[in-house]
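Overview (structure and organization)
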Amino acid sequence: MRAYITQIRTNLRLTMRDRTVLFFNYMFPLLFFFIFGFLMHAEQGGAIVQIVNMVLVLGILGSGFFGAGMRTVMDREANILRRFKVAPISAGPILVSQLVVGLVHFLPVTVLVLVLAHVVYGMPPLEHPLSLFVFVLIGVLAFRAMGGIIGAVANSMQESQIIIQLLYFPMLFLGGATFPIAVMPNWLQIVAQFIPSTYLSTGITAILQGHETIWDNLAPAGALLLTAAVGTFLALKLFRWEKEEKMRTTAKLWVLAVLTPFLLMGAWQAYSKDNVVKGKMLAREMSRTRTLLIRDARLFLGDGNVIEQGAVLVKDGKIAEIYTGAAPDAKTLKAEALDAAGKTLMPGLIDVHVHLGSPGGFYTSAEDYEMPAKAFPREMAAYLYSGVTAVKSAGDGLDEILKVREMEGSGEKLGSELFVVGPLFTAPGGHGTEYAKNIPEIARGGFNAQFLRLPKTPEEAKQMVDELAKRHVDGIKTILEAGSPGYPFVRMDPALVKAIAEEAHKFKLPVVCHTGNVRDVEDAVNAGVDGIEHGSMNDVIPEALFARMKQAGITFDPTLDVVEAFTMLAQGKFEMLDRSLVQQVAPKKLLESTKKFLQSPDGEKMRSGLGKYPVSMAICDQNLLAAMRAGVTLVTGTDSGNPTLFHGPGIHRELQLWIEAGVPASVALQAATYNGAQLLRASDRMGLIKKGYEANLLLVDGNPLKDISVTERISMVMLKGERVDRSELFDQQ
Amino acid sequence: MRGIDFEVAPGEVFGLLGPNGAGKTTTVEILEGLRPRTSGDVKVLGRDPAIEVKALKDRIGVCLQSTNLPDKITVRESLALFQSFYSRSTDIDKLIDRLQLGEKRNAYYQTLSGGQKQRVALALALVNDPQLVFLDEPTTGLDPQVRLEIHSLISELRDAKRTILITTHYIEEAERLCDRVAIVDQGKIIALGTPREIQARTLGTSRVEIHTAQPMPLDVPNFEEAEKFTISDDRKVLNVYSPRPARTLPDLVKWIDQNGIDLEDIHLKRPTLEDVFIELTGKRLRD
């Protein structure tokens, strides 16, 4: 014991006298910290986590490879270890004292860097400091063990340097320490999973961001510990006191033995890709925490109020402050400034009625239709591109839509936030069931299970709601629709809707109802739903019914977009395909094939089929105005996915149609922001420009209150604090 | 090693003398427990170094050839560090003074001269008050002045009745410092005993060399105890070989006197261990 203590004390003194040790342990990380802090504007948030991670990983790699790796070789080459050989001690105290001294030098720097990150750059205090400490400690142990094994097998300084460089550089550049793994090409991201520092980096970043603890990183921590154990054991076994004792060249393979846990981890990750996804989420998180001051803009707050000249400070993904008039200096706020004179800032738009399962157009061959895993994220990107920051899928296959919601929610994919209802509640032969006709018989069962719920009794309906609630859907969608004489549907028993609504409300799930005529609306209102979708496209809804809706707090979503699309298609007009945003977001191939299809005999047939379902824009306008006058909470849905309603930009047309119907822009924009958030039961965090709310923002050129088409002139889209790089949205891997 | 057999008595300074590669270091390393032996019996301080390595290392002091210490360790720190490895200890400061390192007590190792470094190495070998000290080539690579310093230090240890085993390829070191010497060559002991015994045991006789002013007569007689003689071409230098030069010398001087020749110079050359080595192996110790 005395030997250990004296050895540690002496080693500490020696390292304190060694300028290179002091430089690389203290000066170097701090230099790095401040240089990158300056270059990356760490005071503006976001980058600071990356910089702290960089400094820590760099320190751990340095301590491991250059500290533990070279030290033994140097002492052996200098005949220092020879002197120890004749004393009654083993390699144990020598290696242990080096490790302890390495830690003693490293951990204060860790603390110092964390404190500086907080004080100088405003990094939030650690939520799990102990987790970080333990994880960093494990990292130091593992990488010092790797260094130790290099020191054990290298026959000369030169050899050790070669081996160290071979390991150090990939670990530094591919492991996510210098730049996030998420920005690398996909194949390289997989390669990175074989590199130990990748796990170090993702683990440290996740813990720094406060989302994870050491328990969420058990696998990487385990692998690092295993490496530490194997490496330390081998370093002791292979320890050599004299330079004359050479190692066989094949002994260098021991280095690989130490890395074996990570070969296994890499192989597993190549299959599961969990850590690749984690890397993307961490990078997303970083870009969501930048501080931005959007100043001199007109602010449409979402609830109808307007600040003619104001500024919004976005920090840590939230709206941190709203200023009326001139904003304080961006530097004092530690924010990047975005000048928005002449522009209008509003909450991100919300489309409460889409179907991601259909692309909005037609391909000429069945193989061209993309699988949901590919198509859905692209569609969600199209919404975000168009300034829509939240979307409600009003009926899609359950498993697939939940998967996409997860992808968008975690930040793995960048797109609008998705709310889902999953399957449609309807009657056998009711609206919704007709889609299955296009599905091959063999796949129809599976499709129906995903897409439809056909309860026969209230009990069955409730059970179905329970099951969906367990899957954490965001709402329930029911259908009351008898169709039209040329296009009849079996209508669900309103008693079932009532049972569904009662059950859903137990889980605080909003229930919306697709309605076809006044009777449907009335039954739905009686059943206690929370929102009416469509209302009626051919029936005038009585004001008294709207009054009841107002009283019951039921929202109304007129979906004028789909009304217009059906009308135009029936009339053989296709100019909606030529609209600018549509051209920007829809896949080229889809646009072209849709044009071709619509003019083909099949397209003709489809269009004449639509014609059988009578719709009247005039009646729809009338209903919308009546609802507005009655004070009903209006929301905007587009029913995108229907023919020629490509995903993304529909809401802009919807707003224009509302203005054409006679709705004031302020009312329409509130419907598309705050009211939408209310229906999504998310108005406590989105839909408003309000302090503490998520920074989901849309900046447009001009004043949409005067000219609604301005909403299409998008200057910036922000989702949860991330300034969306719109041009990159469709290139996501 | 090809079979080596010797004993070192307590309080004795024992030397292993031999050329580089003779097997001295190997022998010593086996004794120190640093190297396994393939056969034979070894007992050091009553212990088998192959089995009780740690216990043995604890009781011996070793000064290895060409070892180093970290650059920035001070003399005192290095002694304190190494002392912490042992169960017995001595007063470090006294040790430092004894080895004349007092002024350098707090100096960094890198600032020390070669001789000072070697004295630190000696101090390290004594830091555990060892029962047996191994000095492996203690003066190799040092300049003559420093070598003398080290020799006097070892002499002091000898006077203090330490048991010491020295390996060296310096003849004068073995002659000056060792109570007994084993001459080693090619893994074997070829001579063993006190330096005097070894010198005496060999055929090697002393040589009396005289220089005269005038040529000596050719009829050189058989001097007392003399074995043979050689005379130079100008007959002014005569070498007489004798195992007992003390007897031969008066006879020789008398003869010179009788012949009325002036004696200019006279040398008595005793056989060195080097001579012994050459005689036994046919080669020189050092090239």
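Residues numbered from 1 in each chain as written. Chains lettered and ligands numbered in written order. Predicted model: local features only at pLDDT ≥ 70, side-chain atom pairs only at ≥ 80, totals over all residues.

All right, on to the interface of chain B and chain A then. Listed per partner, the contact involves 21 residues of chain B and 19 residues of chain A. Among the secondary structure elements, those contributing two or more residues to the side of chain B that touches chain A are helix 2 (53-59) and helix 3 (75-83) of chain B. Looking at the side of chain B that touches chain A residue by residue, the class counts come to eleven nonpolar, four polar and six charged. (Contact = placed C-beta atoms within 7 Å. Helix = DSSP H or I, 4+ residues; strand = E, 2+ residues; numbered from the N terminus. Nonpolar A, V, L, I, M, F, W, Y, C, P; charged D, E, K, R; others polar.)

Another aspect to go through is the domain arrangement of chain B. Taken as a whole, chain B is organised into domain 1 (13-200) and domain 2 (205-270). Centre-to-centre, using C-alpha coordinates, domain 1 of chain B lies 44 Å away from domain 2 of chain B. (Domains from an automatic or database assignment.)

To continue, consider helix 18 (residues 518-527) of chain A. Every buried residue of helix 18 of chain A is accounted for by Asp-520, Val-521, Asp-523, Ala-524 and Ala-527 of chain A. The arc that holds every buried residue of helix 18 of chain A, seen down its axis, measures 165°, which confines them to one face. (Buried ≥ 20, exposed ≤ 12 C-beta atoms within 10 Å, placed from the backbone. Arc of directions from axis to C-beta.)

The next point concerns the sheet that holds strand 7 (residues 206-212) of chain B. All names here are of chain B. A sheet is described by the order of its strands in space; here four strands give the open sequence 8-9-7-10, paired in antiparallel fashion. What marks the edges here is a single partner per strand, and that holds for strand 8 (228-231) and strand 10 (263-269). Recorded for the sheet is a direction-independent mean angle of 15° between the axes of neighbouring strands. Sheet topology places strand 7 next to strand 9 (residues 237-242); six bridges connect them, and they run antiparallel. The residue of strand 9 that forms the bridge with Ile-210 is Leu-238. Its contacts with the sheet place helix 9 (residues 245-258) against strand 7, strand 9 and strand 10, and it is angled at close to 20° to strand 7. (Pairing = 2+ DSSP bridges. Axes fitted to C-alpha atoms, helices over the stretch in contact; angles between N-to-C directions.)

Residue and element names in this part refer to chain B. A large share of strand 5 (residues 180-185) lies buried, amounting to five of its six residues. Pairing geometry for strand 5 and strand 6 (residues 188-193), over five bridges, is antiparallel. Within strand 6, the position partnered with Val-181 by the bridge is Gly-193. Where strand 5 hands over to strand 6, the hairpin turn is made up of two residues, of which Gln-186 adopts a positive phi near 45°.

Residues and elements named next belong to chain A. Split by domain assignment, chain A resolves into domain 1 (2-287) and domain 2 (297-348 + 687-726). Taking only C-alpha atoms, the centre of domain 1 and the centre of domain 2 are 43 Å apart. Contact with domain 1, which involves six residues of that partner, is made by six residues of domain 2. Grouping the amino acids of the side of domain 1 that touches domain 2 by side-chain chemistry returns no nonpolar, five polar and one charged.

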